[in-house]
Amino acid sequence: MNLHYKKLWWLLALSLLIISCISFMDDISIGGFKLKKAPIKETLTTKYLTEEQKEAEKQERLALAQAKEIVKEEPIDSTPQSFLIFGDSMSENIALRLAAYARQNGHEIHTVNWDSSGTRIWASSDTLDYFIKKYNPTFLFVTLGSNESFARNVDSYRPYVRKILSKIGDRHFVWIGPPSFKEEHGFNDMLLEELPAGTFFRASGLELQRRKDKVHPTVEAAAYEIDSLVRWMRHSAHPILMDLPSDSLSRTRISNTGITYLKAQH
């Protein structure tokens, strides 16, 4: 091998060594831009698992998540709350029924409806930070997952869920799971595993009437969903005063929800 090729190989080896070292370092920013690192660290440190081992680990995670849901009964917080409901297009009808509960129990309500959005969009933008700062809510209702719940690579959404949780911080919240209308691949189980005990309401098991699009629950079905949620909240991580509204569903209007509509992203 002549000297020219030896130098080339040494240069390639040195480049690979530098790239590998960088992959183990913290994020690097230059001029406000974050460098995207090669996934060498993950490749080298990720252990190989057979399909049987992966399934066993999955079942173990799920069992631990289900066990943590057994929470002790907490006293009901009767202080007036400031609600922030945010999420995808499911949030509109959910907000209608929650607005009735808010009116009955002295809470205020704000809603941000972002059609076609999902955990990735909310985690990657400053939208949630903006509305938390604007409304300073004491209790949040998350309605995300309907546009992602049929994905097969559910583990890829874990970082987005964790990022959203970091944005919520120590504020009280409930994540209303997507009301799935066909077979999913573990998205709700992933949410159960990632969310703190008593903060995840699984709506996928409810039998809900759908609109003509066969996706979105009707107004009445969404009201039934929220009534089920409220019964569950008595045993959640932070129960709040949610007495049943005395007036009919028809009395509630979209204007009562304090709703903000954001432009869909495609």
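The next thing to look at is helix α6 (residues 127-135). Among the residues making up α6, those that are buried are Thr127, Leu128, Phe131, Ile132 and Tyr135. Across the axial projection of α6, the buried residues extend over an arc of 125°, all falling on one side. Buried residues belonging to α6 abut β3 (82-87), β4 (108-114), α5 (119-124), β5 (139-143), α7 (158-168) and β8 (259-262). Looking at the residues trailing α6, positive phi occurs at Asn136, about 45°.

A general tendency of soluble globular proteins is for nonpolar side chains to be buried together. With 29 residues, the main nonpolar core has Phe86, Ile164 and Trp175 as its most contacted residues. Taken together, the elements giving at least two residues each to this core come down to β3, β4, α5, α6, β5, α7, β6 (172-176) and α8 (187-194). Non-local contacts of Ile164, meaning those with residues more than four positions away in its chain, are made with Phe86, Thr119, Trp122, Ala123, Leu128, Leu144 and Trp175. By size, the runner-up hydrophobic cluster in this structure holds 24 residues, among which are Ile85, Ile94, Ala102 and Phe139.

Counting buried positions over the 5 residues of β5 gives 5, a clear majority of the element. Neither face of β5 is exposed, since Phe139, Phe141 and Thr143 on one face and Leu140 and Val142 on the opposite face are all buried. Summarising the sheet, β3 and β5 pair through 5 bridges and their orientation is parallel. Along β5, the bridge assignment pairs Gly87 with Thr143.

Time to look at the pattern of salt bridges. Per the stated rule, a full pass over the model turns up 7 salt bridges. Two residues, Arg162 and Glu194, come together in a salt bridge whose shortest N-O distance is 2.8 Å. With Arg162 in helix α7 and Glu194 in helix α8, this residue pair connects regions lying 32 residues apart in the sequence. The exposure class assigned to Arg162 is partly exposed, which follows from its relative accessible area of 47%. Look at the salt bridges and you will find they share partners, linking Asp155, Arg158, Arg162, Glu193 and Glu194 into a network.

For the rest of this paragraph, the subject is the sheet that holds β5. Ordered by their spatial adjacency, 6 strands build an open sheet running β7-β6-β5-β3-β4-β8, and the pairing between neighbours is parallel. At either margin of the open sheet sits one strand with a lone partner, and together these are β7 (200-201) and β8. In this sheet, β6 lies alongside β5 in parallel orientation, the contact comprising 4 bridges. Note on β6: the bridge partner recorded for Phe141 is Val174. Sheet contacts for α6: β3, β4, β5 and β8; angle to β3, the most-contacted strand, approximately 165°.

Turning to unusual backbone geometry, a few remarks are in order. The phi dihedral of Ser116 falls on the positive side, at around 65°, and the residue is not glycine. Residue placement: Ser116 occurs in the loop between β4 and α5. Even without a glycine there, the phi angle at Asn136 is positive, about 45°. Following the sequence through the fold, Asn136 ends up in the loop between α6 and β5.

The subject of this paragraph is the packing of helix α4 (residues 91-105) against helix α9 (residues 219-233). Viewed as axis vectors pointing N to C, α4 and α9 meet at an angle of 55°, and their least axial separation amounts to 8 Å. One way to sum up the angle between α4 and α9 is to call them oblique. Note on packing geometry: the crossing formed by α4 with α9 is right-handed. Of the residues in α9, those touching α4 at Asn93, Ile94, Leu96, Arg97, Leu98 and Tyr101 are Val219, Ala222, Ala223, Glu225, Ile226, Asp227 and Val230. A breakdown of the residues in the contact of α4 with α9 according to their chemical character gives 9 nonpolar, 1 polar and 3 charged.

The tally for this structure, following the rule as stated, stands at 10 aromatic pairs. On the numbers, 6.3 Å between centres and 65° between planes, the contact of Phe83 with Phe139 is edge-to-face. One end of the pair, Phe83, is in strand β3; the other, Phe139, is in strand β5, and 56 residues separate them in sequence. Each member of the pair, Phe83 together with Phe139, is buried. Summarising the aromatic geometry, the rings of Phe139 and Phe141 are spaced 5.1 Å apart at their centres and angled 40° between planes, so their arrangement reads as tilted. When its relative accessible area of 1% is taken as the criterion, Phe139 is described as buried. For Phe141, a relative accessible area of 0% corresponds to the buried category.

What counts, and at which threshold
Residues numbered from 1 in each chain as written. Predicted model: local features only at pLDDT ≥ 70, side-chain atom pairs only at ≥ 80, totals over all residues. Heavy atoms only, no water. Buried < 20%, exposed > 50% of the residue type's maximum accessible area, 1.4 Å probe, protein only. Helix = DSSP H or I, 4+ residues; strand = E, 2+ residues; numbered from the N terminus. Arc of directions from axis to C-beta. Contact = heavy atoms within 4.5 Å. Core = buried A, V, L, I, M, F, W, Y, C linked by side-chain atoms within 4.5 Å. Pairing = 2+ DSSP bridges. Salt bridge = Lys/Arg side-chain N within 4 Å of Asp/Glu carboxyl O. Axes fitted to C-alpha atoms, helices over the stretch in contact; angles between N-to-C directions. Parallel < 35°, antiparallel > 145°, perpendicular 65-115°, else oblique. Left-handed = near helix turned anticlockwise from the far one by under 90°. Nonpolar A, V, L, I, M, F, W, Y, C, P; charged D, E, K, R; others polar. Phe/Tyr/Trp six-rings, centres within 6.5 Å; stacked < 30°, edge-to-face > 60°.

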